[in-house]
Amino acid sequence: MFGSSWLSQTNRALAAVVSCLFITIAILVRTLYPQVLDNVGYLSQNALQLAWPNTTSAPLVYTIHLTPESIQQTQEPIYQRLELAQILQKLGEYNPKLLIIDADFRKADPASPTLRSRIYDDLQPSLRATYPNHDLLLQTIISHYPVLLSRPLTKATAEKPPLSNYIRFSQATGYQNDNHYAHGSNALLYPLQHQSNSAQLPSLALAAWSLSNQAEAQPFQTAQTEHGYQLESANVQIPVTADTEMLVFKTRASSDAILTADEILQNRVSSKLWPPASGSYFVIGKQDRSSERHAQALQTLQSGNYLKIPTWAQYAEIIALICFGLAVAVISATQGFWLSLALTGVAIIAINGVAFHQFALHRNVLEPFFPSLVLLLIFAFSCTIRRVTFKSHKNQTTERFAGILSPKQMQKVLAKSEQLPLEGQQREITSLSTRLRHFHRYYEGLSPQDLASFSNGFQTAHLDEVHVHDGTLNTLSTSGLNAYWNAPLDDPFHAAHACRTAIEMQKQMARFNLKDRFNFNQRNMKDHAVTVDIGISTGLATLGETGTRRHFRYAPLGKCVDLAEDLARHCKEAGHSVLICETTRGQMPELAALETIPVKTSRYQMRSFALLGDPSLAFSESFLKLKNVHCNMVFALFEENDKKKALTLVDECKSLSEGEYNAIYAAFEKYILSDLAQHEAVKDAAQ
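No experiment lies behind these values; they were computed from the predicted model shown.

Caption draft 1: Structural view of empty space enclosed by the protein. A full pass over the atoms with the stated rule returns two cavities of 30 Å³ or more. Approximately 70 Å³ is the volume found for the largest cavity. What lines the largest cavity is L60, V61, T63, T251, S254, A257, I258, E292, A295, Q296 and Q299. Sorting the residues of the lining of the largest cavity by element identifies strand 1 (61-65) and helix 11 (292-303) as the ones contributing at least two each. Take the lining of the largest cavity: its biggest share by element is four residues, from helix 11. Class assignment for the residues of the lining of the largest cavity results in five nonpolar, five polar and one charged.

Caption draft 2: Local environment of the packing of helix 17 (residues 448-468) against helix 18 (residues 494-514). Contact pair helix 17 / helix 18: the axes reach a minimum separation of 10 Å and the direction vectors enclose 150°. For the element pair helix 17 / helix 18, the angle class is roughly antiparallel. Between helix 17 and helix 18 the crossing geometry is right-handed. Taken together, the residues of helix 18 that come into contact with helix 17 (itself represented by A461, H462, E465 and V466) are T501, E504, M505, Q508, M509 and F512.

Caption draft 3: Fine view of the side chain of K90. Along the chain, K90 falls in helix 3 (residues 80-92). Salt bridges are absent for the buried K90, whose nearest opposite-charge side chain, E93, sits at 4.1 Å. Apart from the residues within four sequence positions on either side, K90 is in contact with I264, L265 and N267.

Caption draft 4: Quick peek at the packing of helix 3 against helix 6 (residues 134-142). Contact pair helix 3 / helix 6: the axes reach a minimum separation of 9 Å and the direction vectors enclose 20°. Taken together, the axis directions place helix 3 and helix 6 in an arrangement best described as roughly parallel. The chirality of how helix 3 crosses helix 6 is left-handed. Here R81, L82, L84, A85, L88 and Q89 of helix 3 come into contact with helix 6, specifically with H134, D135, L137, L138, I141 and I142. Tallied by class, the residues present in the contact of helix 3 with helix 6 amount to eight nonpolar, two polar and two charged.

Caption draft 5: Main features of the nonpolar core. Judged by nonpolar contacts, the single largest core of 47 residues is most densely connected at I429, L432, I534 and I536. In terms of residues, this core owes the most to one element, helix 18, which gives eight residues. In this view, I534 contacts L432, S433, T434, A502, M505, Q506, A568, C571, S577, V578 and L579; residues no more than four positions away in its chain are not counted. Core analysis: the next-biggest nonpolar cluster, separate from the first, contains 31 residues, L594, F623, Y665 and A667 among them.

Caption draft 6: Fine view of the confidence of the model for the protein chain. Mean pLDDT over the protein chain: 78, with 78% of residues reaching 70 or higher. Model confidence for the protein chain, summarised as mean pLDDT per element, is weakest for helix 5 (residues 125-128) at 49 and strongest for strand 19 (residues 578-581) at 95.

Caption draft 7: Molecular detail of the packing of aromatic side chains. The final tally for this structure, using the stated rule, is seven aromatic pairs. Relative to F282, the ring of W274 lies with its centre 6.4 Å away and its plane at 75°, an arrangement referred to as edge-to-face. As far as burial versus exposure is concerned, W274 and F282 are alike and both buried. Seen in terms of ring centroids, F638 and Y671 are 6.1 Å apart; in terms of plane orientation they differ by 50°. Their pairing is tilted. Linking F638 in helix 22 (residues 621-639) with Y671 in helix 24 (residues 662-686), this pair joins segments that are 33 residues apart in sequence. A connected cluster of aromatic rings, assembled from ring pairs, spans Y62, Y94, W274 and F282.

Caption draft 8: Quick look at the sheet that holds strand 13 (residues 281-285). Strand order across the open sheet formed by six strands is 4-3-2-13-1-12, with parallel pairing between neighbours. In this open sheet, the two strands that pair with only one neighbour each are strand 4 (172-175) and strand 12 (258-260). Recorded for the sheet is a direction-independent mean angle of 25° between the axes of neighbouring strands. Bridging between strand 1 and strand 13 involves five bridges; their strand directions are parallel. The residue bridging V61 from the neighbouring strand is Y281, located in strand 13. Where helix 11 meets the sheet, its contacts fall on strand 1, strand 2 (98-102), strand 12 and strand 13, and the angle it forms with strand 1 comes to roughly 175°.

Caption draft 9: A look at the pattern of salt bridges. One pass over the structure, following the stated rule, counts eleven salt bridges. For D470, the salt bridge identified is with K408, shortest N-O distance 3.4 Å. With D470 in the loop between helix 17 and strand 15 (472-477) and K408 in helix 15 (residues 407-415), this residue pair connects regions lying 62 residues apart in the sequence. Taking relative accessible area as the criterion, K408 reaches 49% and is therefore assigned partly exposed. We note a salt bridge from E595 to R607, for which the minimum N-O separation is 2.7 Å. Here the residue E595 occupies a position in strand 20 (residues 592-600), and R607 occupies one in strand 21 (residues 605-613), the gap between them amounting to twelve residues. We classify R607 as partly exposed; its relative accessible area is 38%. In this structure, a network of salt bridges that share partners links the residues E582, E595 and R607.

Conventions adopted
Residues numbered from 1 in each chain as written. Predicted model: local features only at pLDDT ≥ 70, side-chain atom pairs only at ≥ 80, totals over all residues. Heavy atoms only, no water. 1 Å grid on protein atoms, 1.4 Å probe; cavity = no way out; pocket = protein on both sides within 12 Å on 5 of 7 lines; lining within 4 Å. Points joined across faces, edges and corners; volume = space filled by probe spheres on them. Helix = DSSP H or I, 4+ residues; strand = E, 2+ residues; numbered from the N terminus. Nonpolar A, V, L, I, M, F, W, Y, C, P; charged D, E, K, R; others polar. Axes fitted to C-alpha atoms, helices over the stretch in contact; angles between N-to-C directions. Parallel < 35°, antiparallel > 145°, perpendicular 65-115°, else oblique. Left-handed = near helix turned anticlockwise from the far one by under 90°. Contact = heavy atoms within 4.5 Å. Buried < 20%, exposed > 50% of the residue type's maximum accessible area, 1.4 Å probe, protein only. Lys, Arg positive; Asp, Glu negative; His and termini not counted. Salt bridge = Lys/Arg side-chain N within 4 Å of Asp/Glu carboxyl O. Core = buried A, V, L, I, M, F, W, Y, C linked by side-chain atoms within 4.5 Å. pLDDT = per-residue confidence, 0-100. Phe/Tyr/Trp six-rings, centres within 6.5 Å; stacked < 30°, edge-to-face > 60°. Pairing = 2+ DSSP bridges.

Given below as C-alpha cells:
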C-alpha cells in the first residue's frame, strides 16, 4: 500500500531521471554529431551578430540566383547558360570588380538549341542566328569581364572541354565542394582551403579575396596557436578550425543583397541596395547550392570581421548544460512550477548573457540556443510528468478524503496533496468521540424506517458541526462518530476547535429535544430525550492510510484516540456529558472545566475534566468560588487521601453550584463512599 509521499517521491524521481537522461542524450549529440545542430547554431550566430552588428565598412557582395532548370519533360527547357551570359552583360554595365560564377560547367549545356537538333530544326532560318551555341556564347562573354570560376578538385577534369575553355578565358579559379553546400545547407563554417593531391586549393571566397588583394596573393599556411588555429599569409591571420574552416559573419544587409537573375534582366529589382556601386562583387549561382554563402564568406574576408570558436567553447557549453540542466531538473522535480520556471529563466538568461558578452568583447562565438533549448525541454518534460502524475494523484486524494473533509478543507488538501505524507506520520491531534447514551432503547422502540431516519438525523447534525470547525471524520457508527483535528491539515488551535464543536453539539441536541426533532412525543416516548456523551483527548497519534488494497482509510492510531472513546463511555459514571483529558485541559485553561472522578480501564487510569462552558462562565464570580472549593476537594481526595474532608467539601460544592452540577458531585460521593466501603471491608478482613 503506497501513500501520497511515496507516490510524490516516485513521480519526482521519474521526472529527475527523465531529465538526466535527456541531458545525457543532448551532450552525446552535441559531442558526436555536431553537424546535426547546424540549424540551431545558425540561429544563434545570427542572433549574436544582429545584437552587435560590426560597423567596419566593406564592399557589398551581391548574390544573383539563376532561374532553376525545368524538372518535367513537358516544360520548355531553361537556357541557363544563355541567361548567365545575359546576366554577365547586364552586370558589366555597372563596372564590377569581380564576377564569381558558382556553376558546374563540366558538361556541355544540354538545353542549347544547337545541341538539340529537334528544337534547332524547328526554328525559322531567320531566328537560328539568334540561338547560337550557349557554351560558345558564354565563353565569349566571360573573356570580356573579370570572372572567377569554380573548378573541380582533379586537374584531369579541369582540362576537359567545355570547362577548360571557360577556365582559359576566366581571370582565376577557385574550388567549390559540391557536397558541402548542396541542398541549401546552412552550415556555419566555410572551408577556405581544400586539400588536393598536389596542393591546397583555395575556395571561391578565398580566391576572390586573394585576387582583389594582390599584396596578399601568396600561399596560406595553417598554424596552431594557444587560442586555436589560424590561416596565415604575410600580415593576415584568419581564425579557422583545424580543417581550415572559417566562421561566416552575416551582416544585416546580406539578405537584401540576394537577388534573382529574372528580376535584374526585367528591371524589377526593388532592393534599396540596387543599382550597385562601381567596383562591386557579384556571386552568380543557384539557390540549391547556397551560393550566398560564398558572398557572405567574401564579405567577412573583406571586412576583417573574423569570428572565433575558442577551444574551450564546447567544454564550457557541456559544463553549463550539466550544471544548469541538473539544477533545473532537481528544482522542477522537487519544487513548485513557478520556482522551477524562474530558475529556468535565470539559467537561460545567464547562458545567453555570457554568450553575448563574449561575442561583443572578444568575437568569441559560443552556442547559447542549444543549451537554452535543452533547459526548456527539461523544464517542460519535468512539469508535464509532474502534472500528469499530480492529476492522477489529485483524483485519488479526492476519492480518499471526499467523505471525511468539508468542501473548504478539501480544496486546501488538493492544493497541497503532494505534500501529504499518507503512509504514516506522528503528530499531536485532538480526538473527539461521541456516543448516544442508552442507544439500545431507540432501536428497540423504533421501527426500522424511524430508526434509520433518527440515526441519519443526529449523525448529519454532528458531522456538520465537525466540518464547520475544520475537523476530520474518522469513523461514523450508528450510535456516534469519531473525529479529529490537526490532520491532514495543520490546525494550531485543534484543541479549541474540538471543544467548541462539543459545546455546539450539546446545544444542538438541547434544541432538538426541546423542539422534539425526532418526534418522540408523538410516539409516546416521553423519557427518550437524546443524550450525547462526548469525550475529547489531545495527544500524539500515528496517522496514515490503513485498511485494505480496495478500501483505503486515512485514520489516526494512538492512545489519545482510545482515551477519547473511554471518556465518552465514562460520561455517565462521571455525571457529565462532555469530558476532556488533562492535556486538553492544559491547552484550554480559559474554558470552564471541573475535574471529575478518574477514568479507569484495564490499561490505564487517567484524570478527566467536565467541560462546562466558555470563558464567560469560567471567569464569573460564582464559578471561581466553586472552582476554588472544588480544587480543594480534589486535593483532599487524591493527594491527602482524606475521604471525610472530601465529603464535607463535596457538600459545600453542591451548595455553591445550586444543584446545577449535582450529577458530578453525586458521582464523587459514590466514588468516595465506595472507596471507604472497600477500605473498611479490607480492614475487617485483616482483623
